[in-house]
Amino acid sequence: VSTQSTGTLKMSQWLVLLILALNLGWCYPPPPPPFNPRNYEVLGSLDVGTGESTIFLWRGTMYILENIFCGYVDHYGQWDPAFANHSYARIRELHSGVVVSNISATISTSFVSVFIDISSPNSTAWLSALAVDRCKAQCGTGLLAISSFNLLDWDSSVVTDFNKTTCNTQVSRVETPSPWLPAHQYVMILEPFYFLLNNNHDRNLTHGWFPAPGATSPPAPSGGSNIRWAGGWYYVITGGHNVVLVRSKDLKTWEPARTLMAPTPNDALVAPLANFPGACLLYTSYAADEEDSGDIGGCRIIKKKTEIKGRQIQNN
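Along each chain, the written sequence defines residue order, and numbers are assigned to residues from 1. Reporting in this predicted model follows two pLDDT cut-offs: at least 70 for local features of residues, and 80 or more for side-chain atom pairs to be given and counted; totals over whole chains, interfaces and linings ignore these cut-offs and use all residues. Calculation of side-chain values draws on the structure's entire complement of heavy atoms; hydrogens and water are dropped beforehand.

Take a nonpolar patch on the surface next. Think of a patch as exposed residues, more than 30% relative accessible area, with no salt bridge, where like charges cluster within 9 Å and nonpolar side chains (Val, Leu, Ile, Met, Phe, Trp, Tyr) cluster within 5 Å. Here the open area of atoms and residues is found with the Shrake-Rupley method and a 1.4 Å probe, where only the protein chains shown may cover a residue. Think of a salt bridge as a Lys or Arg side-chain nitrogen and an Asp or Glu carboxyl oxygen that are within 4 Å of each other. On the surface, Ile55, Leu57 and Met62 cluster together to form a nonpolar patch covering roughly 260 Å² of accessible area. We count a stretch as a helix when DSSP gives it H or I for four or more residues in a row; a strand needs E for two or more, and each element gets its number in order from the N terminus. Mapped onto the elements of the fold, Ile55 is located in strand E2 (residues 53–58).

Aromatic rings from Phe, Tyr and Trp, taking only the six-membered ring of Trp, are treated as a pair when their centres fall within 6.5 Å; an angle between ring planes under 30 degrees marks them as stacked, one over 60 as edge-to-face, and anything in between as tilted. By the definition in use, this model includes seven aromatic pairs. Taken together, a centroid distance of 6.2 Å and an interplanar angle of 40° make the contact between Tyr76 and Trp79 tilted. Taken together, the ring pairs in this structure connect Tyr76, Trp79, Phe83 and Tyr88 into an aromatic cluster. One Lys or Arg, Lys164, reaches over the ring of Tyr194 and ends 4.1 Å from the middle of that ring. Across the ring face of Trp233, the terminal group of Arg247 is positioned such that the distance to the ring centre comes to 3.6 Å. We call a charge positioned over a ring when the NZ of a Lys or the CZ of an Arg lies within 6 Å of the ring centre and within 35 degrees of the ring normal.

Throughout, a disulfide means two cysteine sulfur atoms within 2.5 Å of one another. Going through the model one piece at a time under the given rule, you end up with two disulfides. The side chain of Cys70 participates in a disulfide bridge whose partner is Cys135; the two sulfur atoms lie 1.9 Å from each other. Handedness here is read from the sign of the S-S torsion; for Cys70 and Cys135, about 100°, the answer is right-handed. Of this pair, Cys70 sits in the loop between strand E3 (61–68) and strand E4 (88–93) while Cys135 sits in the loop between strand E7 (124–130) and strand E8 (143–148), and the two are 65 residues apart along the sequence.

Let us look at the pairing of E4. Note on classification: 1.4 Å probe, protein chains only; a residue is buried when its accessible area is under 20% of the maximum for its type, exposed when over 50%, partly exposed between these limits. Burial within E4 is extensive, with five of its six residues counted as buried. Summarising the sheet, E4 and strand E5 (residues 99–103) pair through four bridges and their orientation is antiparallel. Paired with Arg90 across the two strands is Asn102, which belongs to E5. Pairing between strands is defined by DSSP: at least two bridges between the two strands are required. Counting the residues between successive antiparallel strands, the hairpin from E4 to E5 contains five residues, one of them, Gly97, with a positive phi of roughly 85°.

Our focus in this paragraph is the environment of Cys70. Residue classification places Cys70 among the partly exposed residues on the basis of a relative accessible area of 34%. Separated by 16 residues in the primary sequence, Cys70 and His86 have C-alpha atoms spaced 6.1 Å apart.

With that settled, consider the pattern of salt bridges. Counting across every chain of the model gives six salt bridges. The closest approach of N and O atoms between Arg134 and Glu52, which form a salt bridge, is 3.0 Å. With Arg134 in the loop between E7 and E8 and Glu52 in the loop between strand E1 (40–47) and E2, the pair connects residues that are 82 residues apart, well separated along the chain. Judged by its relative accessible area of 2%, Glu52 falls in the buried class. The partner of Glu255 in a salt bridge is Arg247, and the shortest N-O contact between them spans 2.9 Å. One salt-bridge network, held together by shared partners, links Glu66, Arg90 and Arg92.

If you want it as structure tokens, here you go:
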């Protein structure tokens, strides 16, 4: 578009620019596509008013283990005085939201996580829990190993070899241990970063833990760390609002951290895009431990049925 010698635009030139702007969407963003319920599938329910949560598969059904704090709106202490004024853990079916068990063995514990040992004949469910009441303290040194064959009846034992102060723990099965480490079938991660190994062939996780020799801290924040072993690699997922993935073959030399999830300004557009009234931002299960996180209330996870699976979060 040419200009006059005075450097101003003619009226006709302004009109041309306005038409271009409207056609190219400079003035208004394109409207979102209409919401079609058939394009989405309900995956399950999350109540982020709870504490740390672990989604797990057990005998073909998806469940969620949730840490419950004092002050939670559906605290089971309202119905059973043994739970009153204590932290504990419960298990729900992920899809239906039905409570399967308020676990009495976890009363006055914190940072409970679940590990399903599929190598055992009955796919034993193991909980690792700090023997610290979250309603009174945050971290501690006592660790409990709590097991069940049916998610209803639980046996609790003190882990005899544990004397580290930590906040979070999680266990993973190791099918083929690293040749650079002592023989082991299980690995445990602590927060701050610390690694323990276990080689009990009886699959009893209440004893036999020993430090991984020469282990180093991954190049990542130590926030609610999770560990998994797969294909010769020890994978650690850690962080808060920014979640990173790091891996190592020997718990000593780590690859650079890779961003797994990170917040963006577009997060708030997710719910309106699906024709929901307000955004419901989903944080990681351990984000409650991070200073820049917050409680976002209940959410429902749904999955878009497309070749590239997008995720939308619906206000519950």
